[in-house]
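Listed below, chain by chain, are the residues.
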Amino acid sequence: YLKDKAIKEAIRTSIDIIDAGDSTTEIRRLVDEAMCRTLDVDIGLNYFGDLQPRLTRMFNDDTQRLKTHFPIFDEFINGGFPPKTLSVFVAKIHGFKSNVMANMIARQVLNGKNIMLASLEMSEDMFAQRFDGIYSLLDINRFYFNTQLKRDLITRLGQVKVTPNRGNLFIKSFPTGKGSVDDFRAWLRELRMRGHSCDGFFFNYLNLMSSTEVAKGSDTYAHV
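The structure presented is a predicted model; accordingly, all values stated were derived computationally and were not measured.

Further remarks concern the packing of helix α1 (residues 2-20) against helix α2 (residues 25-35). Contact geometry for α1 and α2: axes closest at 8 Å, N-to-C directions at 170°. Relative to α2, the element α1 lies roughly antiparallel. Residues K3, A6, I7, A10, T13, S14, I17 and I18 of α1 form the contact with α2, whose participating residues are E26, I27, L30, V31, A34 and M35. Among the residues forming the contact of α1 with α2, the class breakdown is 10 nonpolar, 2 polar and 2 charged.

This is the structure in structure tokens:
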């Protein structure tokens, strides 16, 4: 009963938001909160009281992590990235963040994972060029122009394409400073509707995203 009432109120408020021409991002929050309305009370985890069942859960955790397929990385992060988590690569400018990420993605795809990559800096073709270099091991500055290297590139990428149990890689560019979480959700939804499941989602990079929460005109620090 409470949930139904909350949903009706959220819908009425959403109509007012639309009529006023305000940001529709608030509608998602209103509906999400309404869907969670309940009388159930969760007091959280009793650290000492729930010690045994908690450790049993931890010891028997069979979470399927997304491996980077860089042995040293996977060792540091206990076997790979856990699902439904956000991992951030941080380094100085020109610190090879994008290159490391691209090489991880390339290895994951070869090992059967479906990876989606959102670029807020480079075009789709420019980012794809990096994967051409990774998969072919040819000179990235020459293989589009040298006749023999063109042939080698086609041959080697063709071999990668027919790799048994290979995953898929989708690259989509978003306007710099404009792409937001809502845009990413819409893209992933379109991919799912066409039968493409997502094992890992990467985006490059955080400071070039648009916030769906912070009001326009706020300072850069609050925006990020």
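Turning next to the layout of surface pockets. Of the volumes computed, that of the largest pocket is approximately 1,400 Å³. Forming the boundary of the largest pocket are 46 residues, of which S87, F89, M101, F202 and F203 lie nearest the centre. Elements with a minimum of two residues in the lining of the largest pocket: α5 (97-110), α8 (181-193) and β3 (200-204). When residues in the lining of the largest pocket are grouped by element, the largest group, 6 residues, is from α8.

Further remarks concern the nonpolar core. By size, the foremost hydrophobic cluster in this structure holds 14 residues, and its most contacted members are M101, I105, L117, F127, F131, Y135 and F202. Top element by residues in this core is α5. It accounts for 5 residues. Once residues lying within four places of it in the same chain are set aside, the contact partners of F127 are M101, A102, L117, S119, M122, I171 and N204. By size, the runner-up hydrophobic cluster in this structure holds 10 residues, among which are M116, F174, L188 and M209.

Cut-offs and rules
Residues numbered from 1 in each chain as written. Predicted model: local features only at pLDDT ≥ 70, side-chain atom pairs only at ≥ 80, totals over all residues. Heavy atoms only, no water. Axes fitted to C-alpha atoms, helices over the stretch in contact; angles between N-to-C directions. Helix = DSSP H or I, 4+ residues; strand = E, 2+ residues; numbered from the N terminus. Parallel < 35°, antiparallel > 145°, perpendicular 65-115°, else oblique. Contact = heavy atoms within 4.5 Å. Nonpolar A, V, L, I, M, F, W, Y, C, P; charged D, E, K, R; others polar. 1 Å grid on protein atoms, 1.4 Å probe; cavity = no way out; pocket = protein on both sides within 12 Å on 5 of 7 lines; lining within 4 Å. Points joined across faces, edges and corners; volume = space filled by probe spheres on them. Core = buried A, V, L, I, M, F, W, Y, C linked by side-chain atoms within 4.5 Å. Buried < 20%, exposed > 50% of the residue type's maximum accessible area, 1.4 Å probe, protein only.

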